[in-house]
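Below are the chains, spelled out letter by letter.
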Amino acid sequence: MIVNKNIAKKTAQLLLKIDAVSFRFNPPFTYTTGMKSPIYLDNRIVMSYPAVRRKIVEFYVQIIKEKIGLSNIDYISGTASAAIPQASWVAGILDLPMVYIRPSTKSYGKGNKLEGYLKKSAKLVIIEDHVSTATSIVNNAETVRELGGKVSYAVATTTYDTKESDDLLKNNKITLFALTDGKTIVEQSYKNKVLNDKQKKSVDLWFKDPSSWASLALSS
């Protein structure tokens, strides 16, 4: 859910400025799920650019304060590994305790899936770097809830805002706030002449029907 169009536009511009956004059509990118896509976001790059990083964190904090409220947050929960930096920056600014959630239970040591100390009944906000299917957010929330924590909100730098992710979040009673989304990034890319007319139409088609995009776009 994009809650501030100004933040969405500025975040898209910042990500384009540091080349966190890539487009490739033939061959397209392949995600871990096997899905083909003409767009790839690498928000990890943000950590290497202090000025951009500072603005991104400011946007996170602004949305958290305005849309969630500090009285509704006891902890920050990061999703490993990509969102750990963002979670730590936000937790530091807000002076809140933080935990992070592994994709799976550790096979050695204490066998933890949640790292850090979590107080029972604590209210957590999940910090994510990018949302495509939202499975990482749900995995994070399930782990926190199993250990006695409460989760109702997540905040991400970017989202593709797919029906799959929207349905999954709704079914798990999680409200997502994002700094920007894929469509805003595409619009800014087109304005910056990163994409031509034909390429923009192809990316727009992917957002309408990601699962069928490859067969439609690559055959034309």
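All values derive from a computational prediction rather than experimental measurement.

A.B. asks: Before we go on, may I ask you to explain helix α1 (residues 5-17) in this structure?
C.D. replies: Structurally, the α-helix is built with 3.6 residues per turn, so residues lying three or four positions apart point the same way. Compared with the 18 Å implied by 1.5 Å per residue over 13 residues, the 18 Å span of α1 between its first and last C-alpha is a close match. Among the residues of α1, I7, A8, T11, A12, L14, L15 and L16 are the ones counted as buried. One or two residues past the end of α1 sits D19, with phi positive at roughly 60°.

A.B. asks: Got a minute to help me understand the sheet that holds strand β7 (residues 114-115) in this structure?
C.D. replies: Within a beta sheet, neighbouring strands are joined by backbone hydrogen bonds and run either parallel or antiparallel to one another. Within the open sheet, the six strands sit side by side as β7-β6-β5-β8-β9-β10. Their pairing is mixed. Edge positions in the sheet fall to β7 and β10 (175-181), since each of these pairs with one other strand and no more. Where strand β5 (residues 75-79) meets strand β8 (residues 123-131), four bridges bridge the pair, whose relative direction is parallel. Bridge pairing links G78 to I127 in β8. Contacting β9 (150-159) and β10, helix α6 (residues 182-191) runs over the sheet at an angle of about 5° to β10.

A.B. asks: Can you help me understand the pattern of salt bridges in this one?
C.D. replies: Side-chain pairing between opposite charges can occur once the charged atoms of the two side chains come close. Using the criterion set out here, one finds six salt bridges in the structure. The residue R44 makes a salt bridge to D42 at a minimum N-O spacing of 3.9 Å. Judged by relative accessible area, D42 falls into the partly exposed class, the value being 22%. Between K55 and E58 there is a salt bridge, with its nearest N and O atoms 3.1 Å apart. Taken together, the residues K55 and E58, both in helix α2 (residues 50-68) and three residues apart, mark about one turn of the helix. With relative accessibility at 40%, the residue E58 sits in the partly exposed group. Each of E187, K200 and D204 takes part in a single network of salt bridges with overlapping partners.

A.B. asks: For this particular structure, what's the right way to read the packing of helix α7 (residues 197-208) against helix α8 (residues 210-217)?
C.D. replies: In a pair of packed helices, the angle between the axes and the distance between the axes together describe the arrangement. At a closest axis distance of 6 Å, the pairing of α7 and α8 adopts a crossing angle of 140°. When the axes of α7 and α8 are compared, the pair comes out oblique. Two secondary-structure elements touch here, α7 through S202, L205, W206, F207 and K208 and α8 through P210, W213, L216 and A217. Residue composition of the contact of α7 with α8, grouped by class: seven nonpolar, one polar and one charged.

A.B. asks: Help me understand the pairing of β8, please; the structure alone is not making it clear to me.
C.D. replies: Each regular strand carries side chains that alternate between the two faces of the sheet. The buried fraction of β8 is high, at eight of nine residues. As paired strands, β8 and β9 are joined by eight bridges and run parallel to one another. Residue pairing for β9: L124 is matched across the bridge by V151. Following the chain from β8 across helix α4 (residues 135-146) to the adjacent parallel β9, one finds a crossover that is right-handed.

A.B. asks: When you look at the environment of R53 in this model, what are you seeing that I'm missing?
C.D. replies: Looking at where R53 falls in the secondary structure, it is placed in helix α2. Spatially, the C-alpha atom of R53 lies 29 Å from that of K36, the residues being 17 residues apart in sequence. Contact partners of R53, with chain neighbours within four places excluded, come to V46, M47 and W89.

Cut-offs applied
Residues numbered from 1 in each chain as written. Predicted model: local features only at pLDDT ≥ 70, side-chain atom pairs only at ≥ 80, totals over all residues. Heavy atoms only, no water. Helix = DSSP H or I, 4+ residues; strand = E, 2+ residues; numbered from the N terminus. Expected span 1.5 Å × (residues − 1). Buried < 20%, exposed > 50% of the residue type's maximum accessible area, 1.4 Å probe, protein only. Pairing = 2+ DSSP bridges. Contact = heavy atoms within 4.5 Å. Axes fitted to C-alpha atoms, helices over the stretch in contact; angles between N-to-C directions. Salt bridge = Lys/Arg side-chain N within 4 Å of Asp/Glu carboxyl O. Parallel < 35°, antiparallel > 145°, perpendicular 65-115°, else oblique. Nonpolar A, V, L, I, M, F, W, Y, C, P; charged D, E, K, R; others polar. Right-handed = clockwise from strand over helix to strand, strands pointing away.

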